[in-house]
There are 2 protein chains.
Amino acid sequence: MSVITIERKVLEKNDEIARQNRQLFATHGIFAINIVSSPGAGKTSILERTLEHLRGSIRLAVIEGDVQTDLDARRVARFGVPAVQIVTRGGCHLEANLVRDALASIDLTGVRLLIIENVGNLVCPSNYDLGESMKVVVASTTEGDDKPLKYPTMFRNSSVLIINKIDLLPYVNCSMSTLRSNALQINPSLKVFETSCTTGAGIEEFGRWLVEQASSKR
Amino acid sequence: MSVITIERKVLEKNDEIARQNRQLFATHGIFAINIVSSPGAGKTSILERTLEHLRGSIRLAVIEGDVQTDLDARRVARFGVPAVQIVTRGGCHLEANLVRDALASIDLTGVRLLIIENVGNLVCPSNYDLGESMKVVVASTTEGDDKPLKYPTMFRNSSVLIINKIDLLPYVNCSMSTLRSNALQINPSLKVFETSCTTGAGIEEFGRWLVEQASSKR
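Read on for a plain summary of the structure.

The rules behind these values
- Residues numbered from 1 in each chain as written.
- Chains lettered and ligands numbered in written order.
- Predicted model: local features only at pLDDT ≥ 70, side-chain atom pairs only at ≥ 80, totals over all residues.
- Heavy atoms only, no water.
- Helix = DSSP H or I, 4+ residues; strand = E, 2+ residues; numbered from the N terminus.
- Rg over C-alpha atoms; globule rule 2.2 N^0.38 Å.
- Buried < 20%, exposed > 50% of the residue type's maximum accessible area, 1.4 Å probe, protein only.
- Contact = heavy atoms within 4.5 Å.
- Areas by Shrake-Rupley, 256 points an atom, 1.4 Å probe, with all protein chains shown as cover.
- Lys, Arg positive; Asp, Glu negative; His and termini not counted.
- Charge placed at Lys NZ, Arg CZ, Asp CG, Glu CD.
- Phe/Tyr/Trp six-rings, centres within 6.5 Å; stacked < 30°, edge-to-face > 60°.
- Salt bridge = Lys/Arg side-chain N within 4 Å of Asp/Glu carboxyl O.
- Core = buried A, V, L, I, M, F, W, Y, C linked by side-chain atoms within 4.5 Å.
- Pairing = 2+ DSSP bridges.
- Buried area = accessible area lost by both parts, 1.4 Å probe.
- Disulfide = S-S within 2.5 Å.
- Axes fitted to C-alpha atoms, helices over the stretch in contact; angles between N-to-C directions.
- Parallel < 35°, antiparallel > 145°, perpendicular 65-115°, else oblique.
- Left-handed = near helix turned anticlockwise from the far one by under 90°.
- Nonpolar A, V, L, I, M, F, W, Y, C, P; charged D, E, K, R; others polar.

As for the overall build of chain A
Inference 1: Helix and strand counts for chain A come out as eight helices and seven strands.
Inference 2: Compactness check: chain A gives a C-alpha radius of gyration of 17 Å against a globular reference of 17 Å for 218 residues, within 12% of the reference.
Inference 3: Dimensions of chain A, computed from the C-alpha atoms along their principal axes, are close to 50 × 45 × 35 Å.
Inference 4: In chain A, which comprises 218 residues, the share counted as buried stands at 58%.
Inference 5: Looking at chain A alone, contacts between residues at least 24 apart form 74% of all its contacts between residues at least 6 apart.
Inference 6: With the model as given, the accessible surface of chain A reaches about 8900 Å², and the carbon-plus-sulfur share is 48%.
Inference 7: Each charge class in chain A was averaged separately, 25 positive and 24 negative side chains, and the resulting centres sit 2 Å apart.

Brief notes about the packing of aromatic side chains
Residues and elements named next belong to chain A.
Inference 1: Overall, the coordinates contain nine aromatic pairs over all chains when judged by the stated rule.
Inference 2: Between the aromatic rings of Phe-206 and Trp-209, the centroid separation amounts to 6.2 Å while the plane-to-plane angle is 20°, which identifies the pairing as stacked. Note that Phe-206 and Trp-209 are positioned in helix H8 (residues 203-216) at a spacing of three residues, about one turn of the helix.
Inference 3: Of the residues examined, Phe-206 reaches a relative accessible area of 2% and is grouped as buried.
Inference 4: Joined through ring pairs, the aromatic side chains of Phe-31, Phe-193, Phe-206 and Trp-209 make up one cluster.

Observations regarding the pattern of salt bridges
Residue and element names in this part refer to chain B.
Inference 1: Per the stated rule, a full pass over the model turns up 26 salt bridges over all chains.
Inference 2: The salt bridge partner of Glu-48 is Arg-75, with a shortest N-O separation of 2.7 Å. Taken together, the positions of Glu-48 in helix H2 (residues 43-54) and Arg-75 in helix H3 (residues 71-77) put the pair 27 residues apart, joining distant regions of the chain.
Inference 3: What makes Glu-48 buried here is its relative accessible area of 13%.
Inference 4: Linking Asp-146 and Lys-147 is a salt bridge whose minimum nitrogen-to-oxygen distance equals 2.5 Å.

Describing the nonpolar core
Inference 1: Phe155(A), Leu161(A), Phe155(B) and Leu161(B) are the most contacted members of the largest nonpolar core, which has 48 residues in total.
Inference 2: Of all the secondary structure elements, the ones that give two or more residues to this core are strand S5 (134-140), helix H6 (152-156), strand S6 (160-164) and helix H7 (176-186) of chain A together with strand S5 (134-140), helix H6 (152-156), strand S6 (160-164) and helix H7 (176-186) of chain B.
Inference 3: In contact with Phe155(A), other than residues within four places in its own chain, are Leu122(A), Val137(A), Ala139(A), Lys147(A), Pro148(A), Leu161(A), Ala183(A), Ile186(A), Asn187(A) and Leu190(A).

Considering the pairing of strand S4 (residues 113-117) of chain A
All names here are of chain A.
Inference 1: Buried residues dominate S4, accounting for five of its five residues.
Inference 2: Residue alternation in S4 divides its side chains into two sets, Leu-113, Ile-115 and Glu-117 and Leu-114 and Ile-116, and both sets are buried.
Inference 3: Two strands pair when backbone bridges link them, and strand S2 (residues 60-66) and S4 are joined in this way by five bridges, in the parallel orientation. Looking at S4, one finds that Ile-63 is bridged to Ile-116.

Focus on the interface of chain B and chain A
Inference 1: Contact residues are listed per partner, giving 35 residues for chain B and 35 residues for chain A.
Inference 2: Between chain B and chain A lies a buried interface of about 2600 Å² when both sides are counted; carbon and sulfur atoms form 65% of it.
Inference 3: On the chain B side of the contact with chain A, Pro39(B), Lys150(B) and Tyr171(B) bury the most area, a combined 23% of that side's loss.
Inference 4: Here chain B and chain A share four salt bridges between them.

A look at the state of the cysteines
Inference 1: Counted by the stated rule, this structure contains zero disulfides over all chains.
Inference 2: With no disulfide of its own, Cys124(A) lies closest to Cys124(B) among cysteine sulfurs, the gap being 3.3 Å.
Inference 3: Judged by its relative accessible area of 9%, Cys124(A) falls in the buried class.
Inference 4: Looking at Cys197(A), it has no disulfide partner, and the nearest cysteine sulfur is the one in Cys174(B), 15 Å off.
Inference 5: By relative accessible area, which is 16% here, Cys197(A) ends up buried.

Here's the deal with the packing of H2(B) against helix H8 (residues 203-215) of chain B
Residues and elements named next belong to chain B.
Inference 1: Running from N to C, H2 and H8 cross one another at 70°; their axes reach a closest spacing of 9 Å. When the axis of H2 is compared with that of H8, the two are roughly perpendicular. The chirality of how H2 crosses H8 is right-handed. Along its contact with H2, which presents Ile-46, Arg-49, Thr-50, His-53 and Leu-54, the element H8 presents Ile-203, Glu-204, Phe-206, Gly-207, Leu-210 and Val-211.
Inference 2: Its residues placed into classes, the contact of H2 with H8 shows six nonpolar, three polar and two charged.

Treat this as a map of the structure, not an account of what it does.
Structural data, given as structure tokens:
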């Protein structure tokens, strides 16, 4: 029971800093998303394809979270976007104070869109508010269609679901309709995109939606 | 800093119970593996194919760990194997006390092999000893070849690596040799199997190895 109490205190402190981050985003008119998924679901690949698509159309910044390396920030920086890497050194999720510290090293002038890529983990990041406008959960078809039922908190706390790797559907044991209905059973208000970073399917639609959301924040 | 202290206490208590579990396994001559991976890497599918292959050749039991459902234990029970489901209710990893409680409901007489399937998570289960003989980490080709570098603790603390979904190699951006060399760079003593649950490749070899390990424990 003591562990639960402590966890609660950690979350309360996190939520307070998340509120400050959210206030900062509101002040600057920034739309901020927190992308979450299993390791290897394709968060960074979706981000790369989206950055390619959005190039020049909107000012944005990226915060990358990783357990150990800065591989992802290096992938993103190739697109000429301000990218800060948070290395959690074993930590299984980002916390609001880490994002606050990362924000301090970004020039937010004119930035309309902030994309935070969380550590690859379908469990722990679900309970940590970073101050984002919404969570975007990525589920890849290769993971199977039962993941929303097995990891419900993440799907419940997200506003958007990106079903990625749809090009692999012919080769994997995953029913698109079952995956969709499992996700919507957990969270009926999920907005769903279907993407493939190999073919580029769905990226334009997702990019356009991001720009619309960011425009409506101004 | 207080969080770190508490975490250390939790781990110390866990390690004490893990030692008791390990002693129990030694008394019964049981070879116990703790299978870990990202969600959707194929732990349960590998288990199903392996159980099919081992049917009748060795007495075994299965403990399933999941955040919310008993879907996996139901999949495993179809093979006539004693299977206990631990539902962590949001918890991101199994702990030794949960395994101890699950063991209390299994008749261990004659059991030679215990397979524990952990919660799908490449971060948190790496630090929790359950008393197993060894950890087996599953990495699927669809997750990409950089995961050993990004989640090194899990690969460092495992003795065996199963590279799964090798049938999808033609369709994904994953180099088998890079994945292998990244894994062996983190942990040079990893024993590596390559499997596909679709074609059945590698399952017989993995099953034979399990039986050999279990036989050497008697």
